[in-house]
Amino acid sequence: MIDQWGRKINYMRVSVTDRCNLRCVYCMPLQGVELRPRDQYVSYEELLKVIEAGLTLGIDRIRITGGEPLVRKGLVEFLAKLKPMGVTDLSLSTNGLLFPAMAKDLKAAGVDRLNISLDTLRPDRFHQLTRLASDPGPVLEAVDAALALGMEPVKLNMVVIRGWNDDEVADMARLSIDKPIHVRYIEVMPFSEGYEFTMDNLVPAAEMRDRLFEEFGDLEPVREGVKGNGPAKYWRLPGAKGTVGFISAVTECFCGDCNRIRLSSDGKINPCLGHVHAVDLKPVIRNGSQEELVAAMADAILKKPREHNFDDQDSDFSLRVMNGIGG
Ligand code: SAM
């Protein structure tokens, strides 16, 4: 489906749970998210209806996310139904902790690609950042398990926070030398439900790039990008098997290329990460026909704004940006 700004929307991030086995400081409060009554979440059967509706509209690329998707029971059986329905590209975002034990089943269920979050290589910091785990080793094992199964591409996402882990940007880049992985640096976004970060904690992507150029000399731009649907721009370290990429949601607007919508675990479509306006599909999933569901989704897509609207006074995200980050 084409949105009102001429963008082809063919990609949906589907959150299958709010729960997580970590409490990353930029993402979740220490006590975890407040869980709502069970009927406020959508079941797998209901998710399948939404995905079917998305396929009718040409959304055939799905990324499964959370919370931590691997903590939800029955995930593998659910995923195994997606490719036969017509999903052409199935990817997963995970913190990796439960991945090695599930890797083969996930691959057999059709997962083509993997994004793994890892913000530090140092055990003390891993605990400081994730608050519930103290060893990044299993995350690196997850990377190796995905590579061994031929998942391609495998991306390692690092949220960079000044004063917390920004001195590890070069160490993380070194991982891309010997392994064919794509290390991606994400600017910390100001919508955390955990720790409140300020402008001082933001490391602009341009600064991260400069640091890598200083450390490694000339990086070769990877003009063709890396398979996926993302907004990252990629470079290659001299002689590296993998690449490094930058996701600069705060300092460099990439909304013109945005091809995605998001479905939350409580059945709401959020057409833009930078806005708080979501469309609740639950009533129509539960009481409407499949045609009505398709129409409701199309309607939500037409609400997708042209870009993160920093002037939108209703947007918490915008207000925070205006209050200092990325201004
Ligand atoms: N649990 C999975 C994982 O760890 O990848 C999937 C969910 S997690 C919310 C998805 C991605 O969002 C992760 O790469 C995480 O680092 C990133 N993220 C969460 N909060 C963020 C924030 N405030 N700023 C930037 N990235 C954030």
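Residues numbered from 1 in each chain as written. Predicted model: local features only at pLDDT ≥ 70, side-chain atom pairs only at ≥ 80, totals over all residues. Heavy atoms only, no water.

Trainee: Sorry, what's going on with the packing of helix 1 (residues 44-56) against helix 10 (residues 290-302) here?
Mentor: Two numbers describe a pair of packed helices, the interaxial angle and the distance between the axes. Running from amino to carboxyl end, helix 1 crosses helix 10 at an angle of 65°, the nearest separation of the two axes being 9 Å. If you check the angle between helix 1 and helix 10, you find them roughly perpendicular. With respect to the hand of their crossing, helix 1 and helix 10 are arranged in right-handed fashion. Side by side, helix 1 and helix 10 meet where K49, V50, E52, A53, G54 and T56 of the first sit next to Q290, L293, V294 and M297 of the second. Within the contact of helix 1 with helix 10, the residues separate by chemical class into 5 nonpolar, 3 polar and 2 charged. (Axes fitted to C-alpha atoms, helices over the stretch in contact; angles between N-to-C directions. Helix = DSSP H or I, 4+ residues; strand = E, 2+ residues; numbered from the N terminus. Parallel < 35°, antiparallel > 145°, perpendicular 65-115°, else oblique. Left-handed = near helix turned anticlockwise from the far one by under 90°. Contact = heavy atoms within 4.5 Å. Nonpolar A, V, L, I, M, F, W, Y, C, P; charged D, E, K, R; others polar.)

Trainee: How should I be thinking about the packing of helix 4 (residues 99-108) against helix 6 (residues 137-148) in this particular structure?
Mentor: Where helix 4 contacts helix 6, the axes come no closer than 9 Å and their chain directions differ by 20°. In terms of orientation, helix 4 and helix 6 fall into the roughly parallel class. Remark: the crossing between helix 4 and helix 6 carries right-handed chirality. Where helix 4 abuts helix 6, its residues F99, P100 and A103 lie against P138, E141, A142, A145 and A146. Taken together, the residues that form the contact of helix 4 with helix 6 break down as 7 nonpolar, no polar and 1 charged.

Trainee: What is the right way to read the sheet that holds strand 6 (residues 181-187) from this model?
Mentor: Sheet strands pair via backbone hydrogen bonds, and the direction of the pair is either parallel or antiparallel. In spatial order, the strands read 7-8-9-6-5-4-3-2-1-10-11-12; together these 12 strands make up an open sheet with mixed pairing. Sheet topology places strand 7 (220-221) and strand 12 (279-280) at the edges, where each strand pairs with a single neighbour. The sheet contact formed by strand 1 (residues 11-15) and strand 10 (residues 260-263) spans 4 bridges and is parallel. Residue pairing across strands places Y11 opposite R260, the latter belonging to strand 10. Here helix 6 sits on the sheet and contacts strand 4 (113-117), strand 5 (154-160) and strand 6; the angle it forms with strand 4, its principal contact strand, is near 170°. (Pairing = 2+ DSSP bridges.)

Trainee: I would appreciate a short explanation of the site of the ligand in the present structure.
Mentor: Of all residues adjacent to the ligand, which total 17 residues, the nearest are Y26, G67, E68, S117 and M189. One nitrogen or oxygen atom from the main chain of Y26 is found 3.0 Å from a nitrogen atom belonging to the ligand. Here N95 contributes a backbone N or O atom positioned 3.5 Å from an oxygen atom of the ligand. Notes on the ligand: free accessible area 550 Å², of which the protein chains cover 87%. (Near = heavy atom within 4 Å. Polar contact = N/O pair within 3.5 Å; in protein donor to acceptor, adjacent residues only side chain to side chain. Areas by Shrake-Rupley, 256 points an atom, 1.4 Å probe, with all protein chains shown as cover.)

Trainee: What is the right way to read helix 1 from this model?
Mentor: Each full turn of the α-helix corresponds to 3.6 residues, which orients residues three or four apart in the same direction. The end-to-end C-alpha separation of helix 1 is 18 Å, in line with the 18 Å expected for 13 residues at 1.5 Å each. All of the buried residues in helix 1 are Y44, E46, L47, L48, V50, I51, A53, G54 and L55. Downstream of helix 1 by a residue or two, G58 has a phi angle that is positive, lying close to 90°. (Expected span 1.5 Å × (residues − 1). Buried < 20%, exposed > 50% of the residue type's maximum accessible area, 1.4 Å probe, protein only.)

All we've got here are geometric facts, nothing functional implied.
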